[in-house]
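If you want the building blocks of each chain, they are given just below.
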Amino acid sequence: MPERIIALADEISRLVSSRVGKIQHTTSLTRLLAMNAAIEAARAGDAGVGFAVVASEVKAVSQNITHAVAEFQDQLAPRLAEVNRLGGALIAQLRGTRLADLALNLIEIIDRNLYERSCDVRWWATDSAVVEGSAHPDRLAATDHCSRRLGVILDSYTVYLDLWVIDRHGTVRASGRPQRFPHAQGTSVAKESWFQQALATGDGTQFAVADISECPALDRQQVATYAAAIRAGGETKGQPIGVLAVFFNWQAQAQAVVTGVRLTEEERRVSRALILDREFRVLAASDGVGVLRESYPLRTAGQPLGSYADGEGRVVGFALTPGYETYRGLGWYGVVEQRLAAATSGRSSPIASR
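Here the residue index of a chain counts from 1 through its sequence in written order. Residue-level local features of this predicted model are given only where pLDDT is at least 70; pairs of side-chain atoms are given and counted only at 80 or more, and the full residue set underlies all totals for whole chains, interfaces and linings. In computing side-chain values, all of the structure's heavy atoms are included and hydrogens and water are not.

Draft legend 1. Inspection of the environment of Asp219 at higher detail. Where helices and strands are cited, they refer to DSSP runs of H or I of at least four residues and of E of at least two residues respectively, numbered from the N terminus. Within the secondary structure, Asp219 is located in the loop between β4 (213-215) and β5 (221-231). Asp219 sits 39 residues away from Arg180 along the chain, and the two C-alpha atoms are 9.5 Å apart.

Draft legend 2. Geometry of the pairing of strand β9 (residues 305-309). Partly exposed residues are those whose accessible area sits between 20% and 50% of the maximum for their type, while under 20% is buried and over 50% is exposed, using a 1.4 Å probe and protein chains only. The element β9 is largely enclosed, with a buried count of five among its five residues. Every second residue of β9 is oriented toward a common face, with Leu305, Ser307 and Ala309 on one face and Gly306 and Tyr308 on the other, all of them buried. By definition, two strands form a pair when at least two bridges between them are found by DSSP. Across five bridges, β9 lies against strand β10 (residues 314-320) in antiparallel orientation. Looking at the pairing, Tyr308 lines up with Val316 of β10. Counted between consecutive antiparallel strands, the loop separating β9 from β10 contains four residues, among which Gly311 sits at a positive phi close to 80°.

Draft legend 3. Focus on the packing of aromatic side chains. Aromatic rings from Phe, Tyr and Trp, with only the six-membered ring used for Trp, were paired whenever their centres fell within 6.5 Å, and each pair was classed as stacked if the ring planes differed by under 30 degrees, edge-to-face if by over 60, and tilted otherwise. For the coordinates displayed, the defined rule picks out 13 aromatic pairs. Ring plane angle 15° and centroid distance 6.5 Å describe the contact between Phe207 and Tyr327, whose orientation is recorded as stacked. On the criterion of sequence distance, the pair formed by Phe207 in the loop between α5 (193-199) and β3 (208-209) and Tyr327 in the loop between β10 and β11 (333-339) is long-range, its members being 120 residues apart. The buried category is assigned to Tyr327, whose relative accessible area is 4%. Among the aromatic residues, ring-to-ring pairing joins Trp123, Trp124, Tyr157, Tyr160 and Phe248 into one connected group.

Draft legend 4. Layout of the nonpolar core. Leu244, Trp250, Ile275, Tyr296, Leu298, Trp332 and Val335 are the most contacted members of the largest nonpolar core, which has 63 residues in total. Remark: nonpolar core denotes a set of buried residues (Ala, Val, Leu, Ile, Met, Phe, Trp, Tyr, Cys) joined through side-chain atoms within 4.5 Å. Judged by nonpolar contacts, the second largest core, of 21 residues, contains Trp164, Leu199, Cys215 and Ala245.

Draft legend 5. Quick peek at the environment of Val282. Within the element layout of this structure, Val282 appears in strand β8 (residues 282-285). Expressed as a C-alpha distance, the spacing of Val282 and Ser295, which sit 13 residues apart in the sequence, is 5.6 Å.

Draft legend 6. View of unusual backbone geometry. The backbone phi angle of Arg220 is positive, close to 60°, even though this residue is not glycine. Mapped onto the elements of the fold, Arg220 is located in the loop between β4 and β5. Here the phi dihedral of Phe280 falls at roughly 70°; this positive angle occurs in a residue that is not glycine. Mapped onto the elements, Phe280 comes out in the loop between β7 (271-276) and β8.

Draft legend 7. Region of the structure containing the side chain of Arg231. Turning to its location among the elements, Arg231 is positioned in strand β5. Buried within the structure, Arg231 lacks any salt-bridge partner; its nearest side chain of opposite charge belongs to Asp203, at an N-O separation of 5.8 Å. The term polar contact refers here to a pair of N or O atoms within 3.5 Å; inside protein, the definition further demands a hydrogen-donor-capable atom paired with an acceptor-capable atom, and it admits residues adjacent in sequence only when both atoms are side-chain atoms. A distance of 2.8 Å separates the side chain of Arg231 from the backbone oxygen of Thr201, its partner in a polar contact. Whether two residues are in contact is decided by their heavy atoms, any of which lying within 4.5 Å being enough. Those residues in contact with Arg231, other than ones at most four positions away along the chain, are Val131, Thr201, Gly202, Asp203, Gly204, Thr236, Gly238, Gln239, Pro240 and Ile241. Charged residues are defined narrowly, with Lys and Arg counted positive, Asp and Glu counted negative, and His plus the chain ends left uncounted. By definition here, a salt bridge exists when the distance from a side-chain nitrogen of Lys or Arg to a carboxyl oxygen of Asp or Glu is within 4 Å.

Draft legend 8. Fine view of a nonpolar patch on the surface. The grouping of Leu29, Leu32, Met35 and Ile39 at the surface amounts to a nonpolar patch, some 350 Å² of accessible area in total. Residue placement: Met35 occurs in helix α1 (residues 2-44). Within this analysis, patches are made of residues with over 30% relative accessible area and no salt bridge. Like charges are joined at 9 Å or less; nonpolar side chains (Val, Leu, Ile, Met, Phe, Trp, Tyr) at 5 Å or less. Residue-level accessible areas treat just the shown protein chains as cover; the underlying method is Shrake-Rupley with a 1.4 Å probe.

Draft legend 9. Fine view of the packing of helix α3 (residues 128-135) against helix α4 (residues 140-156). Direction vectors running N to C along α3 and α4 enclose 150°, while the axes themselves pass 8 Å from each other. Here α3 lies roughly antiparallel to α4, going by the angle between them. In this structure, α3 crosses over α4, and the sense of that crossing is left-handed. Taken together, the residues of α4 that come into contact with α3 (itself represented by Ala129, Val130, Glu132 and Gly133) are Ala142, Thr143, His145, Cys146, Arg149 and Leu150. When residues are grouped by polarity, Ala, Val, Leu, Ile, Met, Phe, Trp, Tyr, Cys and Pro land in nonpolar, Asp, Glu, Lys and Arg in charged, and all others, Gly among them, in polar. Residues that form the contact of α3 with α4 fall into these classes: five nonpolar, three polar and two charged. Axis lines are fitted to C-alpha atoms, over the contacting stretch for helices. Their N-to-C directions set the angle, which ranges from 0 to 180 degrees. By the definition adopted for this analysis, an angle is roughly parallel if under 35 degrees, roughly antiparallel if over 145, roughly perpendicular if from 65 to 115, and oblique otherwise. If you view the pair so one helix is near and one far, a crossing is left-handed when the near helix is turned anticlockwise from the far one by less than a right angle, and right-handed when it is turned clockwise.

Structure representation (structure tokens):
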């Protein structure tokens, strides 16, 4: 609708310009005829006096029309410009609100997905094979059985790259895909913050999570790492005897989310969807540009949800993670930006927030 208003304003402007041009052409011819008539009246002497009066009146009418047209143009032009400006601002506002809603939907999908990861790691940390493998990390039979059990889990949960059982000293004792990732077992993760935080959790309801990173032991693939303490007897209050780490296949899953934003084909050609961490580092991008390498110049004005025109012909919608169920989120943002025509780019300050 706002686009139609601007199109109509442009159409009216062109129509008026065309008609004014024709009127100006006609009045120009009229003035020329009036001048010729005055000349002929002068040549006719006394017989042409009456005709001279008519010629003078025609000239005056022509001049009045010219002045009226000029006045009309002066009054109409700023009003049409105002219609264009207001229409452009309305387009940016409506589009910004929609982009903010899309950004919110995007980050909510991520939240729900990662909430499930936090549930999985806490649940699987109580699996009997996992607990047994952690209780007896030096028994080959126990760790082999644990690895097979992890492999069975991975066969059903294809969103994970690998699952690791780690002893209290930070050494990986069992993994779910030893053939695919042969360097995993024996790797030390003792210095990883997620390992230390998981081992220090108070009970089995808690977990640790790390920022998205490239894991060397998993062929440098991008992963979201979730970890939970494995406790004696699989009990919620049991003594920590190891750590279970699950590696969510971030790149594949996140790319599916950012490319799956509900845009029309026309919008998709001029839009970009992103997931940013709390420092605005690009974690995923629909065009694949800058992932884990660049920061996005997001301007939130302290709002959790909103939109703004960036002054470079783009409208940006953003949404802060709201969390899901018991998962509070990691301070991430969903972002959808869309390029606009220069006439509708709007202002650079936030234009809509909720």
